[in-house]
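Working through the structure, step by step
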Amino acid sequence: MNMSSTLSPAKNSIKTSLRREPLHRRMADPLFGVVTYGLIAVAIVLIVYPLYFIVIASISDPSLVQQGKVVLFPRGITFDGYLTIFGTSTIVRGFANSVLYTVVGTALSVTMILTGAYALSRKDMPGRNLFMILFVITMFFDGGMIARYLVVKELGMLNTMWAVVLPGAVGVWNLIIARTFLQQNLSPELREAAQLDGASDFRFFFGIAIPLSKPLIVLMVMIHLVANWNAFFDAMIYLNDESKYPLQLILRNVLIQSQASASGMDMASMDSTAAAQKMGELLKYSMIVVSTIPLLIAFPFLQRHFIKGATLGALKS
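These numbers come from a predicted model, not from an experiment.

It is worth spelling out the overall build of the chain at this point. Of the regular secondary structure elements, the chain holds 16 helices and 0 strands. For the chain, the proportion of contacts with a sequence separation of at least 24, taken over those separated by at least 6, is 70%. Carbon and sulfur atoms provide 67% of the accessible area of the chain, an area that totals close to 19,300 Å².

Here the focus is the side chain of Thr180. Along the chain, Thr180 turns up in helix α10 (residues 172-185). A distance of 2.9 Å separates the side chain of Thr180 from the backbone oxygen of Ile176, its partner in a polar contact.

This brings us to the nonpolar core. In terms of nonpolar packing, the biggest core is built from 29 residues, with Phe53 and Met287 touching the most fellow members. At the level of secondary structure, the elements contributing two or more residues to this core comprise α3 (28-57), α4 (62-66), α5 (80-86), α6 (89-121), α9 (162-165), α15 (247-257) and α16 (273-312). Per-element tally for this core: the top contributor is α16, with 6 residues. With residues up to four places along the chain from it excluded, the contact list for Phe53 reads Val65, Val70 and Tyr285. Counting residues in each nonpolar core, the second largest holds 24 residues, with Leu114, Leu120, Met132 and Ala178 among its members.

This model, assessed by the stated rule, comprises 7 aromatic pairs. Taken together, a centroid distance of 6.5 Å and an interplanar angle of 45° make the contact between Tyr49 and Tyr52 tilted. Here Tyr52 and Tyr49 lie together in helix α3, a separation of 3 residues that amounts to about one turn. Residues Phe95 and Trp229 carry aromatic rings whose centres are separated by 5.6 Å and whose planes lie at 80° to one another, so their mutual orientation is edge-to-face. Remark: Trp229 occurs in helix α13 (residues 214-230) and Phe95 occurs in helix α6; sequence separation between them is 134 residues. Through a chain of ring-to-ring contacts, three or more aromatic side chains come together here, namely Tyr118, Phe204, Phe205 and Phe206.

Tracing the backbone shows Glu242 in the loop between α14 (233-238) and α15. Taking the C-alpha atoms as reference points, Glu242 and Gly94, separated by 148 residues in sequence, lie 8.8 Å from one another.

Let's shift gears to the side chain of Ser98. Examined against the element boundaries, Ser98 turns out to sit in helix α6. Among residues more than four places away in sequence, those in contact with Ser98 are Trp229, Pro246, Leu247 and Gln248.

Relative orientation of the contacting elements helix α12 (residues 201-212) and α13 amounts to 70°, with a least axis distance of 5 Å. By the angle between their directions, the pair α12 and α13 is classed as roughly perpendicular. Residues Ile210, Pro211 and Leu212 of α12 form the contact with α13, whose participating residues are Lys214, Pro215 and Ile217. Residues that form the contact of α12 with α13 fall into these classes: 5 nonpolar, no polar and 1 charged.

Inspection of the secondary structure puts Gln66 in helix α4. Given a relative accessible area of 56%, Gln66 falls into the exposed group. Sequence separation between Gln66 and Lys278 is 212 residues; the distance between their C-alpha atoms is 9.7 Å.

Of the residues in the chain, 78% reach a pLDDT of 70 or more, and the chain-wide mean stands at 76. Within the chain, helix α1 (residues 3-20) has the poorest average pLDDT of any element, 51, and α9 the best, 88. Overall, residues 259-264 carries pLDDT values under 50, and its contacts beyond four positions in sequence, including any with other chains, amount to 15 contacts. Scored below 50 in pLDDT, residues 313-317 makes 8 contacts in the model with residues more than four places away or belonging to other chains.

The rules behind each value
Residues numbered from 1 in each chain as written. Predicted model: local features only at pLDDT ≥ 70, side-chain atom pairs only at ≥ 80, totals over all residues. Heavy atoms only, no water. Helix = DSSP H or I, 4+ residues; strand = E, 2+ residues; numbered from the N terminus. Contact = heavy atoms within 4.5 Å. Areas by Shrake-Rupley, 256 points an atom, 1.4 Å probe, with all protein chains shown as cover. Polar contact = N/O pair within 3.5 Å; in protein donor to acceptor, adjacent residues only side chain to side chain. Core = buried A, V, L, I, M, F, W, Y, C linked by side-chain atoms within 4.5 Å. Buried < 20%, exposed > 50% of the residue type's maximum accessible area, 1.4 Å probe, protein only. Phe/Tyr/Trp six-rings, centres within 6.5 Å; stacked < 30°, edge-to-face > 60°. Axes fitted to C-alpha atoms, helices over the stretch in contact; angles between N-to-C directions. Parallel < 35°, antiparallel > 145°, perpendicular 65-115°, else oblique. Nonpolar A, V, L, I, M, F, W, Y, C, P; charged D, E, K, R; others polar. pLDDT = per-residue confidence, 0-100.

Following this line, the structure appears as structure tokens:
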């Protein structure tokens, strides 16, 4: 018997059922796809265009930007903003300070979170529930800015790097994510097997727990890289020496005062106040671009591990 003749009744029944199905049901799935992709496209434009505008505004004439004549392409192209940034010691020093605070703060935070989460994930740790309660309480109750300032002052950390990186080194939410991840991926049987082979707690942590926690480590590194790089409030409160200001604090001063004098630059060479204001506007966009580039470079390399770590740290049934 011919196979096509056998399948033809089934094909005819499917076609008949499709003809009988109402039009709005047949159009539902394609319409849903069109609407979904349309919303995604709109969201991408709303997110990407502001970034693109900042880039083209950083190399355009500030007067044309203020007049709204710069929309899709740069006009009156000038690189004075970038030349001023990289030719000014204050901004370069702020960039170096931000790199230092970010590297040290991220390394410190990731180390403390991993070690603390590993200890809290061990069911044989005495008082681990009490410690978790104490940690969670800090998420809802805070002594306030004055209390934190007094603590930092009494510890002798004012106007030092440690005043920027230590107070917020351990986030309780990140600690909970790390503890959940380690509980799910480091079973007691695995630890018992390692102990039978003669592995100590330190060897098990560094030789087994850390290699199995690479997605978690990348997740924590990415979170703290972004947080430490964009942080400026603690530096504004605890630092008095402008030579220790991070780049974000210098950028904040420029954005508020609308001129480069806030960042310690010498504007005496400018012909007028209007010229200084134009340079300030140009520096705004240029400094935003410069401060964003490191994160844009790092994120593509960490994105795959970042997503995997975020999903593995979630609760599972």
